[in-house]
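Letter by letter, the chains look like this.
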Amino acid sequence: MKTLIALSGSLRRDSANTALLRAALALAPPGVRVVVYEGTPMLPFFNPDIEADPPSAVRELRALLSAADGVIVASPEYAHGVPGAFKNMLDWLVGCAELGSKPVALINTSARAVHAQAALAEILTTMGWRVIAAASPVIAVANRGFDQAHIAADPALAGPLLMAIGVLVQADADIDAP
Ligand SMILES: Cc1cc2nc3c(=O)[nH]c(=O)nc-3n(C[C@H](O)[C@H](O)[C@H](O)COP(=O)(O)O)c2cc1C
């Protein structure tokens with residue numbers, strides 16, 4: 001069983017990015033489990049002083065990712081940047097060598113949100129993670145009011161999402177291959 005952790009950059013209740021990741025959970029093929037991480041709002045502000053002995057919410061996040069075979073990221077763009085709460089979550093992971101070179105599907109839910117997408121690719125790569133270009137399509141669900149059921153049922157949206165999951169799982173298998 002392959003486990004993929006889905007990280008949304010939005011805290012919004014009706015977030016398009018979170019809806020897309022929940023659709024990924026619903027669509028995951030046999031042998032693949034998608035876990036949508038919901039803990040970002042509970043994380044304290046990152047502080048290097050407590051990085052080595054962090055609060056339990058941070059330890060749980062690190063353990064979840066450490067055991068994962070890959071990561072799916074979908075985030076809105078705020079003022080041409082990465083949402084602060086999401087960057088705060090990523091900052092807690094920067095120094096974690098145990099996370100290794102996680103393969104990442106970096107899905108962009110808005111074709112015009114090019115700045116946050118580029119920044120996220122740079123941040124994740126700097127963290128040592130491997131952004132898989134072929135698993136990182138634009139799936140334009142932002143600002144359209146779609147819920148997860150709609151996304152999962154629309155072949156034009158579910159198709160690229162399933163493709164991204166497949167490429168991500170294969171990228172992990174390629175790392176594991178001798
Ligand atoms: C404070 C704020 C700033 C935003 N700045 C941008 C921006 O710079 N570029 C952009 O394409 N969209 C911008 N947006 C629009 C959001 O990225 C868009 O509504 C997105 O769908 C929100 O994602 P969510 O539905 O997952 O919460 C902004 C929205 C907010 C609330």
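Residues numbered from 1 in each chain as written. Predicted model: local features only at pLDDT ≥ 70, side-chain atom pairs only at ≥ 80, totals over all residues. Heavy atoms only, no water.

Draft legend 1. Examining the site of the ligand more closely. In the region of the ligand, 13 residues are neighbours, and Ser 10, Arg 12, Ser 15, Asn 17 and Asn 143 sit closest. A distance of 2.9 Å is found between an oxygen atom of the ligand and a backbone nitrogen or oxygen belonging to Ala 16. For the ligand, a nitrogen atom lies 2.9 Å from a polar atom in the backbone of Ala 79. When its residues are assigned to classes, the shell around the ligand shows five nonpolar, five polar and three charged. (Near = heavy atom within 4 Å. Polar contact = N/O pair within 3.5 Å; in protein donor to acceptor, adjacent residues only side chain to side chain. Nonpolar A, V, L, I, M, F, W, Y, C, P; charged D, E, K, R; others polar.)

Draft legend 2. Representation of the pattern of salt bridges. Within the structure shown, the criterion is met by four salt bridges. With its nearest N and O atoms 2.6 Å apart, the salt bridge here joins Asp 172 to Lys 2. Pair noted here: Asp 172 is in helix α6 (residues 155-176) and Lys 2 is in strand β1 (residues 2-8), with a separation of 170 residues, a long-range link. Given a relative accessible area of 7%, Asp 172 falls into the buried group. (Salt bridge = Lys/Arg side-chain N within 4 Å of Asp/Glu carboxyl O. Helix = DSSP H or I, 4+ residues; strand = E, 2+ residues; numbered from the N terminus. Buried < 20%, exposed > 50% of the residue type's maximum accessible area, 1.4 Å probe, protein only.)

Draft legend 3. View of the environment of Ile 151. Examined against the element boundaries, Ile 151 turns out to sit in helix α5 (residues 148-153). The spatial distance from the C-alpha of Ile 151 to the C-alpha of Ala 24 is 9.0 Å, given a sequence separation of 127 residues. If sequence neighbours within four positions are ignored, Ile 151 has contacts with Ala 16, Ala 19, Leu 20, Ala 23, Val 141, Phe 146, Leu 157 and Ala 158. (Contact = heavy atoms within 4.5 Å.)

Draft legend 4. Expanded view of the UniProt feature "domain: NADPH-dependent FMN reductase-like" (unreviewed entry) in the chain. This chain's UniProt record puts "domain: NADPH-dependent FMN reductase-like" (unreviewed entry) on residues 4-138. Across residues 4-138 one finds 33% helix and 16% strand; the C-alpha atoms that close the span lie 19 Å apart. (UniProt positions renumbered as here; feature names shortened; annotations may be inferred.)

Draft legend 5. Spotlight on the packing of aromatic side chains. Evaluated as defined, the whole model comprises one aromatic pair. Here the aromatic rings of Phe 46 and Trp 92 are separated by 5.0 Å at their centres, their planes lie at 85°, and the arrangement is edge-to-face. Taken together, the residues Phe 46 in the loop between β2 (32-36) and α2 (56-66) and Trp 92 in the loop between α3 (84-91) and β4 (103-107) connect sequence positions 46 residues apart. (Phe/Tyr/Trp six-rings, centres within 6.5 Å; stacked < 30°, edge-to-face > 60°.)

Draft legend 6. Up close: the nonpolar core. With 30 residues, the main nonpolar core has Leu 4, Leu 20, Ile 72, Val 141, Ile 151 and Leu 161 as its most contacted residues. Broken down by secondary-structure element, the contributors of at least two residues to this core are β1, α1 (16-27), β2, β3 (70-74), β4 and α6. Setting aside chain neighbours within four positions, we find Leu 20 in contact with Ala 74, Ile 107, Thr 109, Ile 139, Val 141, Ile 151 and Leu 161. Membership of the second largest hydrophobic core comes to 25 residues, among which are Ile 5, Leu 65, Val 73 and Leu 120. (Core = buried A, V, L, I, M, F, W, Y, C linked by side-chain atoms within 4.5 Å.)

Draft legend 7. Region of the structure containing the pairing of β1. The element β1 is largely enclosed, with a buried count of six among its seven residues. Judged from the five bridges that link them, β1 and β2 form a sheet pairing that is parallel. Across the sheet, Ala 6 pairs through a bridge with Val 36, a residue of β2. The parallel pair β1 and β2 is bridged by α1, and the resulting crossover is right-handed. Inspection of the sheet shows β1 paired to β3 by five bridges, in the parallel sense. Of the residues in β3, the one forming a bridge with Ile 5 is Val 71. (Pairing = 2+ DSSP bridges. Right-handed = clockwise from strand over helix to strand, strands pointing away.)

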